[in-house]
Amino acid sequence: MLDRREFVKLAAALTTAFSISNLPEPVAAALKKINPEAIPKLLYLQGQSCTGCSISLLQSESPSPLTMITDYSQLAFHADLSATSGKQSIDLIEKFISGQAGEYILALEGSIPDSMPIACMIGHKTLAAYLEEAARTMSAAVAIGSCACDGGIPAAEGNLTGAIGLQEFYAKRNIDKTVVNIRGCSVHPDWVWQTIVHLVKIGLPELTENGSPSLFYARSIHETCPRYHDFQQEIFAQKLGDKGCLFKLGCLGPQTMADCSSRWWNGGRTWCIDANAPCIGCASPLFARKKDMPFYRINRQG
Ligand code: SF4
Ligand code: SF4
């Protein structure tokens, strides 16, 4: 978790992306560790998003967010974190997306309002227009969080904006672009930062059939769950807080591919099932789609 000192350093580091002078010495020293010419920059855009994924990324503990954007990658722009705003930000985004600012990785958080493009504007241009143009210039695309991957909560049944994820957005336009899907609502910081380090230092990671890095999404929550033994013995929790498998309380662990049970959350302190809460399938492509699939429900099939 960021303390105040680290936050101030992080904010200072971000100003460097805009050539703001008088850097604090520790920031200047950290920036010397990488050759900015040698690695692609990270252009972080947001669509229909609650910014929860960005908040989660800032909770990374080891390495810290500051280390991630200075030693291992270089964040060029982020709407919430960057020191600039207005025309300066728009000019910067335009420069990258038109291909004039060198190599960059596009990171998208949030879904794209495909039926209502004006619902998501950056300056006077739609997010959709930027994303179409970016397909020609970016080195790689990373969809961060369930909204950017599959539409997520903004794509819930009955939504008016036609919210979709980045992969579907490109497929609908016959744009052949590999999108690395980091699913989760919100995402685990390890999933994102380690994928970005892989892209920067090694290249495209191995992907599952859903386009997510196999490193984190190859096995289901269910098969590595510490309560799997209870499931086999048919020892089921009857209400929240009970011991036993949470399947009858609607746990979606059997249908959800992610490594939460071995990685844990909040710096390894806990995770959903450890906290006696069923997995709500936040890393599943079907997350939050159907009105008749509330997060918490009694599983009548059980
Ligand atoms: S609690 Fe959920 S993930 Fe764990 S064994 Fe039961 S159904 Fe599977
Ligand atoms: S256990 Fe399930 S709901 Fe919890 S973070 Fe992991 S995928 Fe999401």
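Position numbers for residues start from 1 in each chain and track the written sequence from start to end. Just so you know, chain letters begin at A and ligand numbers begin at 1, following the order they were written in. Local features in a predicted model are, by the rule used here, given only for residues with pLDDT of at least 70; side-chain atom pairs are given and counted only at 80 or more, and totals for whole chains, interfaces and linings are based on all residues. Side-chain measures were taken over the full set of non-hydrogen atoms in the model, leaving aside hydrogen atoms and water.

### Some thoughts on the overall build of the protein
Part 1 of the reasoning: Scanning the protein for helices and strands turns up 12 helices and nine strands.
Part 2 of the reasoning: Here the analysis covers contacts within the protein between residues at least 6 apart in sequence; of these, 73% occur between residues at least 24 apart.
Part 3 of the reasoning: Surface accessibility of the protein: about 14,700 Å² in total, with carbon and sulfur atoms responsible for 52%. Helix numbering and strand numbering both begin at the N terminus, where a helix is a DSSP run of H or I of at least 4 residues and a strand a DSSP run of E of at least 2. When checking whether two residues touch, look at their non-hydrogen atoms; a contact exists if any pair is within 4.5 Å. Using the Shrake-Rupley algorithm and a 1.4 Å probe, accessible areas are obtained, with residue cover drawn only from the displayed protein chains.

### Digging into the site of ligand 1
Part 1 of the reasoning: Taken together, 13 residues lie near ligand 1, and His222, Cys225, Cys245, Leu246 and Cys251 sit nearest.
Part 2 of the reasoning: Mapping ligand 1 onto the cavity grids shows that it belongs to the largest cavity.
Part 3 of the reasoning: Lys, Arg, Asp and Glu make up the charged group, whereas Ala, Val, Leu, Ile, Met, Phe, Trp, Tyr, Cys and Pro make up the nonpolar group; the residues left over, Gly among them, are polar. Taken together, the residues that form the shell around ligand 1 break down as 10 nonpolar, two polar and one charged. Being near a molecule or strand, for a residue, means having at least one of its heavy atoms within 4 Å of it. Using protein atoms alone on a 1 Å grid, points that fit a 1.4 Å probe yet trap it form a cavity, whereas open point sets bounded by protein on both sides within 12 Å along at least five of seven lines form a pocket; residues with an atom within 4 Å of a point count as lining. Each molecule is assigned to a cavity or pocket provided more than half of its atoms lie within 2 Å of the corresponding grid points.

### So, the confidence of the model for the protein
Part 1 of the reasoning: On average, residues of the protein score 89 in pLDDT, and 86% of them reach the 70 mark or higher.
Part 2 of the reasoning: Values of pLDDT, which run from 0 to 100, indicate the predictor's confidence residue by residue. Overall, residues 15-23 carries pLDDT values under 50, and its contacts beyond four positions in sequence, including any with other chains, amount to 19 contacts.

### A short note on the nonpolar core
Part 1 of the reasoning: What is meant by a nonpolar core is a set of buried Ala, Val, Leu, Ile, Met, Phe, Trp, Tyr and Cys residues, joined one to another through side-chain atoms within 4.5 Å. Accessibility here uses a 1.4 Å probe with only protein chains present; expressed as a share of the type maximum, an area under 20% marks a residue as buried, one over 50% as exposed, and anything in between as partly exposed. Of all hydrophobic cores here, the largest spans 37 residues; its most connected members are Ile144, Ile182, Val187, Trp191 and Ile273.
Part 2 of the reasoning: Going through the elements one at a time, strand 1 (41-46), helix 3 (52-57), helix 4 (65-72), strand 3 (104-109), strand 7 (140-144), strand 9 (179-182), helix 9 (189-202) and helix 10 (214-217) are the ones with two or more residues in this core.
Part 3 of the reasoning: Non-local contacts of Ile273, meaning those with residues more than four positions away in its chain, are made with Ile221, Cys225, Arg227, Leu246, Cys251 and Cys279.
Part 4 of the reasoning: In terms of nonpolar packing, the next biggest core, distinct from the first, is built from 30 residues, Ile112, Leu127, Ile164 and Tyr170 among them.

### Comments concerning the layout of surface pockets
Part 1 of the reasoning: The calculated volume of the largest pocket comes to roughly 510 Å³.
Part 2 of the reasoning: Lining the largest pocket are 31 residues; nearest its centre among them are His188, Pro189, Trp264, Trp265 and Asn266.
Part 3 of the reasoning: Only helix 9 and helix 12 (260-263) provide two or more residues apiece to the lining of the largest pocket.
Part 4 of the reasoning: Examining the composition of the lining of the largest pocket, we find that three residues originate from one element, helix 9, more than from any other.
Part 5 of the reasoning: For the lining of the largest pocket, a count of residues per class yields 16 nonpolar, 11 polar and four charged.
Part 6 of the reasoning: Reported here for the second largest pocket is a volume of approximately 230 Å³.
Part 7 of the reasoning: What lines the second largest pocket is a set of 14 residues, and nearest its centre among them are Leu252, Leu286, Phe287, Ala288 and Met293.
Part 8 of the reasoning: Among the residues forming the lining of the second largest pocket, the class breakdown is eight nonpolar, three polar and three charged. Grid points are joined across faces, edges and corners, and a volume is the space filled by probe spheres set on the points.

### Remarks on the site of ligand 2
Part 1 of the reasoning: With respect to spatial proximity, the complete set of residues near ligand 2 consists of Ile221, Thr256, Cys260, Trp265, Trp271, Cys272, Cys279, Ile280, Gly281, Cys282 and Ala283.
Part 2 of the reasoning: In terms of residue class, the shell around ligand 2 is built from nine nonpolar, two polar and no charged.

### Quick notes on the packing of aromatic side chains
Part 1 of the reasoning: Any Phe, Tyr or Trp ring, taking Trp's six-membered ring, that has another such ring centre within 6.5 Å forms a pair; planes under 30 degrees apart are called stacked, those over 60 apart edge-to-face, and the others tilted. The final tally for this structure, using the stated rule, is 10 aromatic pairs.
Part 2 of the reasoning: A ring pair is formed by Phe216 and Tyr217, whose centres lie 6.4 Å apart and whose planes are at 85 degrees; its orientation type is edge-to-face. With respect to class, Phe216 is no different from Tyr217; both count as buried.
Part 3 of the reasoning: On the numbers, 6.2 Å between centres and 85 degrees between planes, the contact of Phe231 with Phe236 is edge-to-face.
Part 4 of the reasoning: A relative accessible area of 18% means that Phe236 is categorised as buried.
Part 5 of the reasoning: Counting every residue linked through ring pairs, the aromatic cluster contains Trp191, Phe216, Tyr217 and Trp265.

### Structural notes on the sheet that holds strand 1
Part 1 of the reasoning: Two strands qualify as a pair provided DSSP detects at least 2 bridges between them. Taken in spatial order, the five strands make up an open sheet running 2-1-3-7-9, and their pairing is parallel. With one partner strand each, in any of the chains shown, strand 2 (74-78) and strand 9 form the two edges of the open sheet. Averaged over all pairs of adjacent strands, the angle between their axes in this sheet comes to 25 degrees, without regard to strand direction.
Part 2 of the reasoning: Alignment of strand 3 against strand 7, held across five bridges, turns out to be parallel. By the bridge assignment for strand 7, Glu109 is matched with Ile144.
Part 3 of the reasoning: For every element, the axis is a line fit to its C-alpha atoms; helices are fit only across the contacting stretch, and the angle between N-to-C directions ranges from 0 to 180 degrees. In the packing of helix 6 (residues 127-137) onto the sheet, contacts are made with strand 1 and strand 3, and the angle to strand 3 comes to roughly 150 degrees.
Part 4 of the reasoning: Along the sheet face, helix 9 touches strand 1, strand 3, strand 7 and strand 9 and points at about 155 degrees away from the line of strand 9.

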